[in-house]
Amino acid sequence: MAHRLLSSANRFSARFAFFFTVSLSCTYLCYSILFCRGTVMTNQAYEGKRCPPSKNAGGKKLLGRLDHCASLGVRAAAQESAAAQRGASELREQTRAPLPSAGHSADARMRNMSFAQKYGNKKLPNALIVGVKKGGTRAVLEFIRIHPDVRALGTEPHFFDRNYDRGLDWYRALMPRTLDSQITLEKTPSYFVTREAPRRIAGMSHETKLIVVVRNPVTRAISDYTQTLSKKPDIPTFEELAFKNRSLGVVDTSWNAIRIGMYILHLENWLQYFRPSQMHFVSGERLITDPAGEMGRVQDFLGLKRIITDKHFYFNRTKGFPCLKKPESSSQPRCLGKSKGRTHVQIEQEVIEQLQEFYRPFNVKFYETVGQDFKWD
Ligand SMILES: Nc1ncnc2c1ncn2[C@@H]1O[C@H](COP(=O)(O)OS(=O)(=O)O)[C@@H](OP(=O)(O)O)[C@H]1O
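Scoring rules and cut-offs
- Residues numbered from 1 in each chain as written.
- Predicted model: local features only at pLDDT ≥ 70, side-chain atom pairs only at ≥ 80, totals over all residues.
- Heavy atoms only, no water.
- UniProt positions renumbered as here; feature names shortened; annotations may be inferred.
- Helix = DSSP H or I, 4+ residues; strand = E, 2+ residues; numbered from the N terminus.
- Contact = heavy atoms within 4.5 Å.
- pLDDT = per-residue confidence, 0-100.
- Axes fitted to C-alpha atoms, helices over the stretch in contact; angles between N-to-C directions.
- Parallel < 35°, antiparallel > 145°, perpendicular 65-115°, else oblique.
- Nonpolar A, V, L, I, M, F, W, Y, C, P; charged D, E, K, R; others polar.
- Near = heavy atom within 4 Å.
- Polar contact = N/O pair within 3.5 Å; in protein donor to acceptor, adjacent residues only side chain to side chain.
- Areas by Shrake-Rupley, 256 points an atom, 1.4 Å probe, with all protein chains shown as cover.
- Salt bridge = Lys/Arg side-chain N within 4 Å of Asp/Glu carboxyl O.
- Buried < 20%, exposed > 50% of the residue type's maximum accessible area, 1.4 Å probe, protein only.
- Phe/Tyr/Trp six-rings, centres within 6.5 Å; stacked < 30°, edge-to-face > 60°.

Per an unreviewed UniProt entry, the protein chain is named Sulfotransferase, and its organism is Salarias fasciatus.

Following this line, the structure appears as structure tokens:
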């Protein structure tokens, strides 16, 4: 009897414990659903969406939430900046590492481009290709921009000659986004012969690095004329434009195609505003015969690791010029366009010699000033 009473008491307490546990769980569940929805659903994204968009929400009651939102904002900004720093240091690591082939540097360049687009800023250029027209400026720009630490504007902005009135903000807005470790570059060949350009560029920054691609002034003049003739077939002959009096050998220095090649006169203007060490002269001739050598010196001048080497170039027999094996943003080899490397108009040898004679004293003074013999004579 006592045994039966004991076992029914045990069953009763087991049932009681079971129902008690179930009802306790139900109560907790209902409580959670009714009052703790926020806690259950909280995640940063959700909270972020609930934050008022404007800082001017005002009202003391909102302060708690605003503080929370502000701290989320700060946290988001901190995360973004940490990501940018990670991106930048990752990038520095990548560019420091040796790149064994043209393909590798193209890959590094693509990575850098997307990093720069994500985390970079538009900055005023730290380097400019200022001239000279028909010297080989496009080739230098296209070659240097395969470097992962260089970002260049593809078009000629003509800011320091034609568009100066638009202001530096307009100019900056044209630039590609760059990381702090990257150089921003643009090329406008007419700057070299624009009187106001050196003063204006120095006004932007005294530290701007200047690249000038120079070429035998006689060949340069013929190239310039060939280009004009291709657009305006009715212009006078080269000889008619080049001389005031051909039989007396009086050259017309007011003709732009002649004037541009008097390099020393323009250079003197630049040297009033820039130290010679801030200017680098690329030989337009060597750029064709030894592009890697010339680009090596350009990289040194810009303080860049020598990444562009002879592995990046091949000589295209049809074009008659060096071309890039793997230029930026493409996996295909690429030569410059048809407007680069045109067949020149035929000029009498005597005319060429007269012009060589005319340019000789200017060339000699130019070699002395830059400390380089370009061997045009
Ligand atoms: N790799 C390569 N491919 C093609 N062309 C090359 C190359 N390297 C230098 N050059 C020479 O560049 C000359 C054109 O110079 P620019 O680019 O300064 O011309 S421009 O002022 O921008 O119009 C152009 O002049 P022309 O040959 O008279 O057309 C070329 O001789």
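There's more to say after this.
**Q** I keep staring at the UniProt feature "active site" (unreviewed entry) in the protein chain and nothing clicks. Help me out?
**A** Those places that UniProt annotates as "active site" (unreviewed entry) correspond, in this numbering, to Lys134. With respect to the helices and strands, the residue Lys134 is situated in the loop between strand E2 (127-131) and helix H6 (137-144). Ignoring sequence-local partners within four residues, the contact set of Lys134 consists of Arg215, Arg220, Ser223, Asp224, Gln227, Ser339, Lys340 and Arg342.

**Q** How should I be thinking about the confidence of the model for the protein chain in this particular structure?
**A** Detail in the predicted coordinates should be disregarded across regions flagged by low pLDDT. When the pLDDT values of the protein chain are averaged, the result is 79; 68% of them are 70 or greater. Averaged pLDDT values for the elements of the protein chain fall to 28 in helix H3 (residues 44-50) and rise to 99 in strand E6 (residues 209-214). In the predicted structure, residues 26-101 sits below a pLDDT of 50 and forms 46 contacts with residues beyond four places in sequence or in another chain. Both confidence scores are given for the complex: pTM 0.74, ipTM 0.99.

**Q** Just checking my understanding: could you explain the packing of H6 against helix H14 (residues 291-301) for this structure?
**A** Each pair of packed helices can be described by the angle between their axes along with the distance between the axes. Two elements in contact, H6 and H14, have axes whose closest approach is 11 Å; the angle formed by their N-to-C orientations is 70°. The angle between H6 and H14 places the two elements in the roughly perpendicular class. From H6, Val140, Phe143 and Ile144 reach across to H14, where they touch Pro291, Met295, Val298 and Gln299. Split into classes, the residues belonging to the contact of H6 with H14 amount to six nonpolar, one polar and no charged.

**Q** Help me understand the site of the ligand in this model?
**A** Surveying the vicinity of the ligand reveals 24 residues, the closest of which are Thr137, Lys187, Ser223, Gly341 and His344. Here an oxygen atom of the ligand sits 3.1 Å away from a polar atom, N or O, in the side chain of Arg215. Separating an oxygen atom of the ligand from a side-chain N or O atom of Lys340 is a distance of 3.1 Å. Considered on its own, the ligand offers 640 Å² of accessible surface; in the complex 96% of this is hidden by protein.

**Q** What am I meant to see in the pattern of salt bridges here?
**A** Pairing is possible between side chains of opposite charge, provided their charged atoms come close. Going through the model one piece at a time under the given rule, you end up with 18 salt bridges. In this structure, the salt-bridge partner of Glu156 is Lys187, at a minimum N-O distance of 2.9 Å. With a gap of 31 residues between them, Glu156 in the loop between strand E3 (150-152) and helix H7 (168-174) and Lys187 in strand E5 (residues 183-187) connect regions that are remote in the sequence. We classify Lys187 as buried; its relative accessible area is 2%. As a salt-bridge pair, Arg220 and Asp224 come within 2.9 Å of each other at their nearest N and O atoms.

**Q** I'm lost on the packing of aromatic side chains in this one. Help?
**A** The description of two aromatic rings rests on the distance between their centres and on the angle between their planes. Across all of its chains, the model carries 23 aromatic pairs by this definition. Summarising the aromatic geometry, the rings of Tyr263 and Phe366 are spaced 5.5 Å apart at their centres and angled 55° between planes, so their arrangement reads as tilted. Of this pair, Tyr263 sits in helix H12 (residues 263-271) while Phe366 is found in helix H15 (residues 349-370), placing the two residues 103 residues apart along the sequence. Where Phe374 meets Trp376, the ring centres are 5.1 Å apart and the plane angle is 15°; that geometry is what we call stacked. Judged by relative accessible area, Phe374 falls into the buried class, the value being 6%. Taking relative accessible area as the criterion, Trp376 reaches 4% and is therefore assigned buried.

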